[in-house]
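Understanding the architecture of this molecule
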Amino acid sequence: MRRVEHVMGFPVSLRIDDADVPEGVVDGVFAWLREADARFSPFDPDSEVCRLDRGETGPDGMSADLREVLELAERYRVETGGAFDVRLPGRGLDPCAVVKGWSVQRAALLLREAGVRKFCLNAGGDAVVAGGPWRVGIRHPEAADRMCVVLELTDAAVATSGRYERGDHIVDGRTGLPATDLLSLTVVAPTLTEADVTATAAFALGTEGIAWAAGRAGCEVFAVDDRRRVRRSSGLPVYRTGESEGAEDTGGPEEIAGRSGRSGRSGRSRGPGGQM
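Now for a quick tour of the structure.

Time to look at the nonpolar core. A general tendency of soluble globular proteins is for nonpolar side chains to be buried together. Of all hydrophobic cores here, the largest spans 63 residues; its most connected members are Phe-119, Leu-185 and Val-187. No other element matches the nine residues that helix α5 (residues 192-205) contributes to this core. Within the second largest apolar cluster, 19 residues are counted, among which are Val-129, Cys-148, Val-158 and Leu-183.

Below, the discussion takes up the sheet that holds strand β8 (residues 143-153). Within the open sheet, the three strands sit side by side as β7-β8-β15. Their pairing is antiparallel. Of all the strands in the sheet, the pair left with one neighbour each is β7 (134-140) and β15 (238-241). Ignoring strand direction, the axes of neighbouring strands in this sheet form an average angle of 30°. Alignment of β7 against β8, held across seven bridges, turns out to be antiparallel. Pairing of Trp-134 across the sheet is with Leu-153, part of β8.

In this structure, Thr-200 sits in helix α5. Residue Thr-200 is classed as buried on the basis of its relative accessible area of 13%.

Another aspect to go through is the layout of surface pockets. Roughly 1,400 Å³ of internal volume is contained in the largest pocket. The wall of the largest pocket is formed by 45 residues, among which Phe-10, Lys-100, Asp-126, Arg-166 and His-169 lie closest to the centre. Of all the elements in the fold, those that place two or more residues in the lining of the largest pocket are α1 (25-40), α4 (96-113), β7, β9 (156-162) and α5.

What counts and how
- Residues numbered from 1 in each chain as written.
- Predicted model: local features only at pLDDT ≥ 70, side-chain atom pairs only at ≥ 80, totals over all residues.
- Heavy atoms only, no water.
- Core = buried A, V, L, I, M, F, W, Y, C linked by side-chain atoms within 4.5 Å.
- Buried < 20%, exposed > 50% of the residue type's maximum accessible area, 1.4 Å probe, protein only.
- Helix = DSSP H or I, 4+ residues; strand = E, 2+ residues; numbered from the N terminus.
- Pairing = 2+ DSSP bridges.
- Axes fitted to C-alpha atoms, helices over the stretch in contact; angles between N-to-C directions.
- 1 Å grid on protein atoms, 1.4 Å probe; cavity = no way out; pocket = protein on both sides within 12 Å on 5 of 7 lines; lining within 4 Å.
- Points joined across faces, edges and corners; volume = space filled by probe spheres on them.

If you want it as structure tokens, here you go:
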């Protein structure tokens, strides 16, 4: 079973490989994502986020969900020394960097609670999978038709932050300037909440964010810096390297110091073109 809808400004695709799909569960997943978009969007003046930002709702009037999102944001702000911040001067409150992964992970929980065992939920290129193996391609940051690496995931999540789709949109909260030290940074983690926020926070930190992300419990990292150098943690679940031309463009891989774990298989053969 496959379904695709446009939610939160990007395509969300759901693939379920179970023989029997519980009635109503797919509708419930997309209904929740639309609800999250309406409640937490910084672009909708009627959203809970905008009402809080304007002072129309006080801290005591926040929903439990928004409180959880802002607590996550504050935790990452502290841990990055302010590089990651959902309150930037001139922008108002914008928790999108937390809401995307958090809401999609909540949708994955709805699937699990309904008894769905094998699925891939992909939101704008960030994915949470269950019952794999699933193969997820990480695109070359300068060539949309090439893969840097293909990952093999069973029950995990993967998120990428980069400059190739939306330009220099990630800001280092310490300086107020766009973060430009990296071209892309991918994080594999147990949940999409952690994968997505960690990838954004690490990108905001710049090159120091690569080791910071790789040092987090349960996280593996693949990064390409602004000099086209590739760095990856030793436990990254690699199925194969991407297209050879793309790999040559980004340089050879360098393992991030201080990590240990299972090394994936690698090779020069061509991998599948994108998430399957």
